[in-house]
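Chain by chain, the residues run as shown.
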Amino acid sequence: MSFQRQLAFWALALAAVILALLLLRDVLLPFIAALALAYLLDPLADRLERLGMRRLAATIVILCIFLLVFVLGLVLLVPLLSQQLADLVARLPADAAKLQALVMERGAPLLERFGGAKLAADAQSSLGNLVGEATKWAGGLLQSLWSGGTAIIGVFSLLVLTPVIAFYLLVDWDYMVTTVDGWLPLEHRETIRGLLREMDAAIAGFLRGQALVCLLLGLFYAIGLSLLGVNFGALIGIISGFLSFIPFVGSLTGLVLSVGVAIVQFWPDWTMPLATLGVFAAGQFIEGNILQPKLVGNSIGVHPVWLMFALLAFGSLFGFVGLLLAVPLAAIIGVLMRFALRQYLGSNLYHGGDVEKPAETSPSRHAGR
């Protein structure tokens, strides 16, 4: 088969996959969640197998422990966080207005000194409009989360379906991998295997490492803010940790929310807002110098800007399913782009004229999951 025909075949296959995802996105969530769960838990099942446990028994033990921990977390956290979310939605407009008044109280004299009363009045009006729009947007977002609790509960209701699908996937995981490996075209089998190993290392390393980073950061921020007595500290900390999946977004969101709440709550005392700022500074130091290097490293090989774009793009196209798929797809595209670049740099198109085509080699092989 010529290169053009192969390219056309894989382009059509990719288009068919994308079309299927678009058409079936409303029913894919439990299957994608189950696939991700089985993928993450497969190394543990393999380890139990090496210790002498049968695959079926290992799968049952792993899923039962996972479900027990997950349900226990929901029972402990959901009542606290739901109450704090409701209180935050109710108090947000009043707190925003108070924060605006504090800013203008301190900033208006300075503006009048350098720009006159008109500049101060214009600044107050602009700040009022900005705060009003921001409050409206944030309140609408929080209210949608609160009123859309049925959607969130619907996700949690996947406890009924997702574990069943994950069970069958985890039991047959090695068989499925072997079967798919047998479908690879013989001529390019080693190259494709090398690419798949690179994708596997990138996805597994990032997902497991970043998930643990988010969990630890969320606990650190929640405990730190709660010990300081900041209103909604546990909620803000958990939100910050969850959003830390997107580079810089989680820490910045948590910093703005917590410092704003602390200023309104403790004014005119600056000690607690500064202590709140210190909590996030310590969290960023721990993340950048300990958690990220130890748990994640450079496993994904994707620039943070591309990762943020992927999360927004796939989230917009496929909703919550897109958010689940964004990081794996970003890693896969990154591996393929690096491979394509290597091929281009060794081709006649780059060098010009006739050059000896290098032997096809597989990409660098990382350690497996």
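Computed from a predicted structure; not experimentally measured.

Enquirer: Tell me about the nonpolar core, and please be specific about residues and values.
Expert: Counting residues in each nonpolar core, the largest one holds 46 residues, and the members touching the most others are Leu41, Phe206 and Val327. Mapped by element, the contributors of at least two residues to this core are α2 (29–50), α3 (55–147), α5 (162–171), α7 (189–228), α8 (233–243), α10 (271–296), α11 (304–318) and α12 (320–345). Looking at which element gives the most residues to this core, the answer is α7, with 9 residues. Grouped together as the second largest cluster of nonpolar side chains are 5 residues, Leu28, Leu29, Ile32 and Val321 included.

Enquirer: Can you lay out the packing of aromatic side chains for me, pointing to particular residues and giving the numbers?
Expert: Using the criterion set out here, one finds 5 aromatic pairs in the structure. Their ring planes at 55° and their centres at 6.1 Å tell us that tyrosine 39 and tryptophan 173 sit as a pair that is tilted. Taken together, the positions of tyrosine 39 in helix α2 and tryptophan 173 in helix α6 (residues 173–183) put the pair 134 residues apart, joining distant regions of the chain. With respect to class, tyrosine 39 is no different from tryptophan 173; both count as buried. Each ring, one from phenylalanine 220 and one from tyrosine 221, has its centre 5.9 Å from the other, and the planes form 65°; the classification is edge-to-face. Residue class for phenylalanine 220 comes out partly exposed when judged on its relative accessible area of 32%. Grouped by ring-pair contacts, the aromatic residues Phe220, Tyr221 and Phe280 constitute a single cluster.

Enquirer: Can you break down the pattern of salt bridges residue by residue, with the values?
Expert: Taken as a whole and judged by the stated rule, the model has 7 salt bridges. Residues glutamate 49 and arginine 55 are paired through a salt bridge, measuring 3.0 Å at the closest nitrogen-oxygen approach. By relative accessible area, which is 10% here, arginine 55 ends up buried. In this structure, a network of salt bridges that share partners links the residues Asp42, Asp46, Glu49, Arg55 and Asp174.

Enquirer: Would you mind going over unusual backbone geometry in detail, with residue names and values included?
Expert: Note: most peptide bonds trans; most residues except glycine with negative phi. Of note in the backbone geometry, phenylalanine 232 takes a positive phi value of approximately 60° without being a glycine. For phenylalanine 232, the location among the structural elements is in the loop between α7 and α8.

Enquirer: Any chance you could break down the environment of leucine 21 for me, citing the residues and the numbers?
Expert: Within the secondary structure layout, leucine 21 lies in helix α1 (residues 3–24). Taking the C-alpha atoms as reference points, leucine 21 and phenylalanine 318, separated by 297 residues in sequence, lie 7.9 Å from one another. In contact with leucine 21, other than residues within four places in its own chain, are Leu28 and Phe318.

Enquirer: For a nonpolar patch on the surface, give the residues involved together with the corresponding values.
Expert: A cluster of nonpolar residues, Leu212, Leu215, Leu216, Leu219, Ile223 and Leu227, forms a patch on the protein surface that exposes about 570 Å² of accessible area. Within the secondary structure, leucine 216 sits in helix α7.

Enquirer: Residue-level account of the packing of α7 against α10, with values.
Expert: The geometry of α7 relative to α10 is characterised by a closest axis approach of 10 Å and an angle of 160° between their N-to-C directions. Considering the angle they form, α7 stands roughly antiparallel to α10. Between α7 and α10 the crossing geometry is right-handed. Its residues assigned to classes, the contact of α7 with α10 comprises 18 nonpolar, 8 polar and 1 charged.

Rules of the game
- Residues numbered from 1 in each chain as written.
- Predicted model: local features only at pLDDT ≥ 70, side-chain atom pairs only at ≥ 80, totals over all residues.
- Heavy atoms only, no water.
- Core = buried A, V, L, I, M, F, W, Y, C linked by side-chain atoms within 4.5 Å.
- Buried < 20%, exposed > 50% of the residue type's maximum accessible area, 1.4 Å probe, protein only.
- Helix = DSSP H or I, 4+ residues; strand = E, 2+ residues; numbered from the N terminus.
- Phe/Tyr/Trp six-rings, centres within 6.5 Å; stacked < 30°, edge-to-face > 60°.
- Salt bridge = Lys/Arg side-chain N within 4 Å of Asp/Glu carboxyl O.
- Contact = heavy atoms within 4.5 Å.
- Patch = residues over 30% accessible without salt bridge, like charges linked within 9 Å, V, L, I, M, F, W, Y side chains within 5 Å.
- Areas by Shrake-Rupley, 256 points an atom, 1.4 Å probe, with all protein chains shown as cover.
- Axes fitted to C-alpha atoms, helices over the stretch in contact; angles between N-to-C directions.
- Parallel < 35°, antiparallel > 145°, perpendicular 65-115°, else oblique.
- Left-handed = near helix turned anticlockwise from the far one by under 90°.
- Nonpolar A, V, L, I, M, F, W, Y, C, P; charged D, E, K, R; others polar.

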